[in-house]
Amino acid sequence: MKKLYATFVLPAENGCNLSCSFCAIAQRREATKPSLSSGDYVHFLIDALVNLQVHRVSIQGYEPLLPETWPLTRQLLKLASAFLCETSLVTNGVHLAENVAELARCVDSITVSLDSAQASIHDRLRGKVGAHASAVAGIRTAGNVFGGDALNVNSVLLPSKANNLSGMPKLLK
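Residues numbered from 1 in each chain as written. Predicted model: local features only at pLDDT ≥ 70, side-chain atom pairs only at ≥ 80, totals over all residues. Heavy atoms only, no water.

Asker: Sorry if this is basic, but what is going on with the side chain of arginine 126 here?
Answerer: Position of arginine 126 among the secondary structure elements: in helix α5 (residues 119–126). Other than its neighbours up to four places away in sequence, arginine 126 contacts Leu18, Ser19, Cys20, Phe22, Ser113, Asp115, Ala131 and Val156. (Helix = DSSP H or I, 4+ residues; strand = E, 2+ residues; numbered from the N terminus. Contact = heavy atoms within 4.5 Å.)

Asker: What is the right way to look at the sheet that holds strand β1 (residues 4–9) in this model?
Answerer: Read from one edge of the open sheet, five strands run β1-β2-β3-β4-β5, paired in parallel fashion. One side of each edge strand has no neighbouring strand; the edge strands of this open sheet are β1 and β5 (151–154). Looking at each pair of strands side by side, their axes are set apart by 20° on average, direction ignored. Pairing of strand β3 (residues 86–91) with strand β4 (residues 109–113), which is carried by four bridges, proceeds in the parallel orientation. (Pairing = 2+ DSSP bridges. Axes fitted to C-alpha atoms, helices over the stretch in contact; angles between N-to-C directions.)

Asker: Before we go on, may I ask you to explain the environment of leucine 114 in this structure?
Answerer: Among the structural elements, leucine 114 can be located in the loop between β4 and α5. The exposure class of leucine 114 is buried, given its relative accessible area of 0%. Taking the C-alpha atoms as reference points, leucine 114 and proline 159, separated by 45 residues in sequence, lie 16 Å from one another. Not counting the four nearest positions on each side in its chain, leucine 114 is found in contact with His122, His132, Ala135, Val136, Ile139, Val153, Asn154, Ser155, Met168 and Leu171. (Buried < 20%, exposed > 50% of the residue type's maximum accessible area, 1.4 Å probe, protein only.)

So, in structure tokens, the structure goes:
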């Protein structure tokens, strides 16, 4: 049997803390009015872990580290870890620094979205002043805990905006 990967997009009744114009989850309005309870997510994951050979569990968008989604995020990651699954998290990084210590106990890899080395560009693309500073602080904190192999940075390269990524290698180094 092939390795299975379970990916969860967690609901956030108030939406994401950022407003990225290119966010597919927001465009499809997938997680604004949750029809599943936290218990539904947990029961589904338990059923999958018990009955299938789940290799990796990934938690992502809206934003899994929002105060309202963090309890469910943590519960799902800890559950997957208990079944010896690889775990991963995709975040915009705004709440990363404050959760790194606990994430170190239940996640194998973290991907942070960062769209420019320049705060003004990133903040404009993400719709919130200060998002860049918070994400960079989260990356630095996570880098000290997770190291290079478990910490990834993802950038959205928009058409005709190649200069947005100018300076990223220097920043990430």
